[in-house]
Amino acid sequence: MASLTDNDIKHVAKLSRLDLSLSEVKKFKKQLSSVVDFIKQLSEVDTSKVEPTSQTTGLNNIWRNDEVSSGLSEEEVFFSTDNQYAGYFKVKALLSERGEK
Amino acid sequence: MKVPLTIQQTQEALKKKDLSCVDLVDYYLERIDKFNPEINAVLTVSSEVAYSQAKKADKLIKELGDKAFEEFPLLGVTVIYKDMFLTKGIRTTAASHVLEDYVPAYSATVVERLEKAGCITLGKANQDAWAHGSSGENSDFGPTKNPWNKKLVPGGSSSGSAASLAADFSLISTGTDTCGSIRLPANYCGVLGLKPTYGSVSRFGVIAMASSLDSIGHFGRVVSDVRKVFEVTRGIDGYDSTLSSLHKPYQIKSKGLKIGLPKEFLGEGLEDEVRDSVLEAAKTFEKMGNEIVEISLPHTKYGIAVYYIIQPAEVSSNLSRYDGVRYGKSRSFFGDEAKRRIMLGSYVLSAGYYDAYYLKAMKVRSVIIEEVDRAFEDVDLILAPVAPSLPFKLGEKVNDPLKMYLTDIYAATANLCGIPSLAVPSGFNKDNLPLGFQIMGPKFSEELLFAAALEYHRFIDYKPQVAKIT
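All figures in this text were calculated on a predicted structure; none of them were measured in a lab.

Let's talk about the overall build of chain A
Part 1 of the reasoning: Within chain A one finds 3 helices and 2 strands.
Part 2 of the reasoning: The secondary structure elements of chain A, listed N-terminal to C-terminal, are α-α-α-β-β.
Part 3 of the reasoning: Structurally, chain A occupies a C-alpha span of about 55 × 45 × 30 Å along its principal axes.
Part 4 of the reasoning: Across the 101 residues in chain A, those meeting the buried criterion constitute 27%.
Part 5 of the reasoning: Summing over all exposed atoms, chain A offers an accessible surface of approximately 8,200 Å²; the carbon and sulfur share of this is 50%.
Part 6 of the reasoning: Between the centroid of the 14 positive side chains of chain A and the centroid of its 16 negative side chains there is a distance of 11 Å.

Below is the structure:
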């Protein structure tokens, strides 16, 4: 039995902001289930006395000097988009009137 | 025109005026033009930039003579960048349709440093999209073929970078290694590939895949080339807070080393021919006056499972920035492999699963690191295969993601531990396919890896080769 259900796939797709077709849901359910079954093997390892590792550098809070430096020009910032208006990026509306969908 | 295969020989030829940089660009662009339609190693050719840099370099050589090469250590060295590296004014796609029209406004630190050192940019290399893959077949712009045998994969994800050197499209190339993505294609294409210590080369301006694992490295045909490029790319740049200058200088010795051969890397699942070639390399190191000892790293077998939790988790976060607003296309343009990894990452990070998967993986990562650290208390280097098999057929693993993932089973250790590893070619088998191995060392021991590999290549009288493409 696959360890993930159709609903699991639809749920993580939503979390990931990906729109999937029905055939994709079927395909990814099978493929991701086999990967999830594989990674479950980690439960064999006793980690009760182990601290997690999130990075390997041993460094902490590395800051640059607090000096003003120049960034990209407005022209450079907007170079790769058509979604602009008067020096702003155009995005879809995030808020809507009450009752409006 | 005979164009040399190494930096030293190329620069000698430039000094003697046997060649000009413009001649070099002519030669490589002609080869790309002729053979790239079959090999598909290069996605974007930057002819205009290449000729302008070549003319500038020729002028410097004319004006300064041999001194030009002291001031610009990589003068006249042609480079092809993996398409993860931002190149100002030159399209950078990550081999994904999402970024197919993206032209960066700035260059990666590595690109800037190489150009400042005199390199000539020939173009951008094909790869698995977003560096997700082990065969090059996940590119949205078609797979790269292995120049040694076009029915086989060149290894991924830096597929085009390694294939470009095997096909003689460039003198050097760059890559990224999150779990073998430099070492595997180097191994499959018969060139050297360096995965440096995490924190030695800046990731600034390189498209992020899995931020705690991404290592920025490169390919070359001889050890001295790989070393020379590393001298230029390494070090703090002020834009990547993981870079370190705290490490102690490493004691370099090229003989009398104690080299560990981990039995877990030579067991079940490894092709006989690969095992035999690694054991032969071990014997050679022994003949050279080094000691070979069997070691055991029992938890490294969990490396790929740890990797397929941590990596997708970091991928899902890094790829969340692609919303199609400021640059690039919308998320509907992601290919299947990116979708799989984003969703897998969201899954292992989501409520109810975080402790069981993500936290657990971070803990097993600690166990592996401790085990490897302990091994380096006893041995100087670890010798291991790069991959469980020789280059496989195009299409063989594309429909079975898990099978593809297991290709990197021997690669994961170096990335999870942040240690350097060098993929070293050792020769060819009877079918003229490249053979090789990887040597891993403690953090910041790159000089030791170079010294050992150089001695090994001297001992076997290694001569770099490029494929005859028919």
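Concerning the overall build of chain B
Part 1 of the reasoning: From N to C terminus, chain B includes 15 helices and 11 strands.
Part 2 of the reasoning: Computed over the C-alpha atoms, the radius of gyration of chain B is 21 Å, within 12% of the 23 Å expected from 2.2 N^0.38 for a compact globule of 470 residues.
Part 3 of the reasoning: Referenced to the eigenvectors of the C-alpha coordinate spread, the extents of chain B come out at roughly 65 × 60 × 45 Å.
Part 4 of the reasoning: Burial analysis of chain B (470 residues in total) assigns 67% to the buried set.
Part 5 of the reasoning: Restricting the contact set of chain B to residue pairs at least 6 apart, pairs at least 24 apart contribute 77%.
Part 6 of the reasoning: Approximately 16,400 Å² of chain B is accessible, and the part contributed by carbon and sulfur atoms is 49%.
Part 7 of the reasoning: Each charge class in chain B can be summarised by its mean position, and for the 55 positive and 57 negative side chains these summaries are 1 Å apart.

What about a nonpolar patch on the surface?
Part 1 of the reasoning: Together, A:Leu72, A:Val77 and B:Tyr106 make up an exposed nonpolar region whose accessible area comes to about 230 Å².
Part 2 of the reasoning: For A:Val77, the position within the fold is in helix 3 (residues 74–77).
Part 3 of the reasoning: Assessed through its relative accessible area of 35%, A:Val77 is described here as partly exposed.

Here's the deal with the sheet that holds strand 2 (residues 78–82) of chain B
Residue and element names in this part refer to chain B.
Part 1 of the reasoning: Spatially, 1-3-2-4-6-5-10-11-9-7-8 is the arrangement adopted by the 11 strands of the open sheet, whose pairing is mixed. For this open sheet the edge positions go to strand 1 (42–45) and strand 8 (291–295), each flanked by a neighbour on one side alone. Averaged over all neighbouring strand pairs, the angle between strand axes comes to 30°, with direction disregarded.
Part 2 of the reasoning: Examined bridge by bridge, strand 2 and strand 3 (residues 120–125) share 5 bridges and lie parallel to one another. Looking at the pairing, tyrosine 81 lines up with lysine 124 of strand 3.

Quick look at the environment of B:Ala125
Part 1 of the reasoning: Here B:Ala125 lies in strand 3.
Part 2 of the reasoning: Apart from the residues lying within four places of it in its own chain, the contact partners of B:Ala125 are B:Ala41, B:Val42, B:Leu43, B:Ile80, B:Tyr81, B:Lys82, B:Asp83, B:Gly160 and B:Ser161.

Considerations on helix 2 (residues 21–39) of chain B
Residues and elements named next belong to chain B.
Part 1 of the reasoning: By the largest-angle criterion, aspartate 33 marks the main kink of helix 2, which is about 40°, and a proline, proline 37, follows within four residues.
Part 2 of the reasoning: Residues Cys21, Leu24, Val25, Tyr27, Tyr28, Leu29, Arg31, Ile32, Phe35, Asn36 and Ile39 constitute the buried set of helix 2.
Part 3 of the reasoning: Looking at the packing, one finds that the buried side of helix 2 touches helix 1 (7–15), strand 1, helix 3 (47–64), strand 2, strand 3 and helix 6 (159–166).
Part 4 of the reasoning: Following helix 2 by one or two positions, asparagine 40 adopts a phi angle in the positive range, close to 55°.

A closer look at the interface of chain A and chain B
Part 1 of the reasoning: Contacts between chain A and chain B engage 44 residues on the former and 59 residues on the latter.
Part 2 of the reasoning: Between chain A and chain B, a total of about 4,400 Å² is buried, with carbon and sulfur atoms accounting for 68% of that surface.
Part 3 of the reasoning: Of all residues in chain A, A:Ile39, A:Leu42 and A:Thr56 bury the most surface against chain B, accounting for 14% of the area lost on that side.
Part 4 of the reasoning: With a shortest N-O distance of 2.6 Å, B:Asp336 and A:Lys27 are connected by a salt bridge.

A closer look at the side chain of B:Thr407
Part 1 of the reasoning: Checked against the element boundaries, B:Thr407 lands in the loop between helix 13 (401–405) and helix 14 (412–417).
Part 2 of the reasoning: Apart from residues lying up to four places away in sequence, B:Thr407 is in contact with B:Ser134, B:Leu184, B:Tyr188, B:Ala387, B:Pro388, B:Phe392 and B:Lys397.

Overview of the environment of B:Gly175
All names here are of chain B.
Part 1 of the reasoning: Summarising the element assignment, glycine 175 is placed in strand 4 (residues 172–177).
Part 2 of the reasoning: As a C-alpha pair, glycine 175 and alanine 414 span 239 residues in sequence and 16 Å in three-dimensional space.
Part 3 of the reasoning: When neighbours within four sequence positions are excluded, glycine 175 is seen to be in contact with Lys82, Phe85, Ser158, Ile182, Ser215, Ile216, Gly217, His218 and Phe219.

Some details on the pattern of salt bridges
Part 1 of the reasoning: Counted under the stated rule, the structure contains 23 salt bridges over all chains.
Part 2 of the reasoning: For the salt bridge of B:Arg183 with B:Asp177, the shortest nitrogen-to-oxygen distance reads 2.9 Å.
Part 3 of the reasoning: Residue B:Glu455 is joined to B:Arg458 by a salt bridge in which the shortest nitrogen-to-oxygen separation is 3.1 Å. Of this pair, B:Glu455 and B:Arg458 both sit in helix 15 (residues 446–459), separated by 3 residues, roughly a single helical turn.
Part 4 of the reasoning: By relative accessible area, which is 14% here, B:Glu455 ends up buried.
Part 5 of the reasoning: The network of salt bridges with shared partners includes A:Asp6, A:Lys26 and A:Lys29.

Overview of the pairing of strand 5 (residues 192–195) of chain B
Regular strands have side chains that alternate between both faces of the sheet.
Residue and element names in this part refer to chain B.
Part 1 of the reasoning: The alternating pattern of strand 5 places Leu192 and Leu194 and Gly193 and Lys195 on opposite faces, both of which are buried.
Part 2 of the reasoning: In this sheet, strand 10 (residues 421–428) lies alongside strand 5 in antiparallel orientation, the contact comprising 3 bridges. Within the sheet, the bridge partner assigned to glycine 193 lies in strand 10 and is alanine 423.

Examining the packing of aromatic side chains
Residue and element names in this part refer to chain B.
Part 1 of the reasoning: Taken as a whole and judged by the stated rule, the model has 22 aromatic pairs over all chains.
Part 2 of the reasoning: Here tyrosine 81 and phenylalanine 85 contribute two aromatic rings whose centre-to-centre distance is 6.2 Å and whose plane-to-plane angle is 35°, an arrangement assigned as tilted.
Part 3 of the reasoning: Among the residues examined, tyrosine 81 registers a relative accessible area of 0% and is labelled buried.
Part 4 of the reasoning: Between tryptophan 130 and tyrosine 322, the aromatic rings sit 4.7 Å apart at their centres with planes inclined by 50°, giving tilted as the arrangement. Linking tryptophan 130 in the loop between strand 3 and helix 6 with tyrosine 322 in the loop between helix 10 (303–318) and helix 11 (336–349), this pair joins segments that are 192 residues apart in sequence.
Part 5 of the reasoning: Through a chain of ring-to-ring contacts, the aromatic side chains of Tyr102, Trp130, Tyr322, Tyr327 and Phe334 assemble into a single cluster.
Part 6 of the reasoning: Positioned above the aromatic ring of phenylalanine 69, the side-chain terminus of lysine 15 is 5.4 Å from the ring centre.
Part 7 of the reasoning: Between arginine 91 and the ring centre of phenylalanine 141, over which it is positioned, the NZ or CZ distance is 5.8 Å.

Quick word on the nonpolar core
Residues and elements named next belong to chain B.
Part 1 of the reasoning: By size, the foremost hydrophobic cluster in this structure holds 174 residues, and its most contacted members are Trp130 and Leu422.
Part 2 of the reasoning: Among the elements that make up this core, the one with the highest residue count is helix 12 (residues 354–378) (10 residues).
Part 3 of the reasoning: When neighbours within four sequence positions are excluded, leucine 422 is seen to be in contact with Leu192, Gly193, Leu194, Val226, Phe437, Gln438, Ile439, Leu449, Phe450 and Ala453.

The rules behind these values
Residues numbered from 1 in each chain as written. Chains lettered and ligands numbered in written order. Predicted model: local features only at pLDDT ≥ 70, side-chain atom pairs only at ≥ 80, totals over all residues. Heavy atoms only, no water. Helix = DSSP H or I, 4+ residues; strand = E, 2+ residues; numbered from the N terminus. Buried < 20%, exposed > 50% of the residue type's maximum accessible area, 1.4 Å probe, protein only. Areas by Shrake-Rupley, 256 points an atom, 1.4 Å probe, with all protein chains shown as cover. Lys, Arg positive; Asp, Glu negative; His and termini not counted. Charge placed at Lys NZ, Arg CZ, Asp CG, Glu CD. Rg over C-alpha atoms; globule rule 2.2 N^0.38 Å. Contact = heavy atoms within 4.5 Å. Patch = residues over 30% accessible without salt bridge, like charges linked within 9 Å, V, L, I, M, F, W, Y side chains within 5 Å. Salt bridge = Lys/Arg side-chain N within 4 Å of Asp/Glu carboxyl O. Pairing = 2+ DSSP bridges. Axes fitted to C-alpha atoms, helices over the stretch in contact; angles between N-to-C directions. Bend = angle between axes of the 7 residues up to and from the residue. Buried area = accessible area lost by both parts, 1.4 Å probe. Phe/Tyr/Trp six-rings, centres within 6.5 Å; stacked < 30°, edge-to-face > 60°. Lys NZ or Arg CZ within 6 Å of the ring centre and 35° of its normal. Core = buried A, V, L, I, M, F, W, Y, C linked by side-chain atoms within 4.5 Å.

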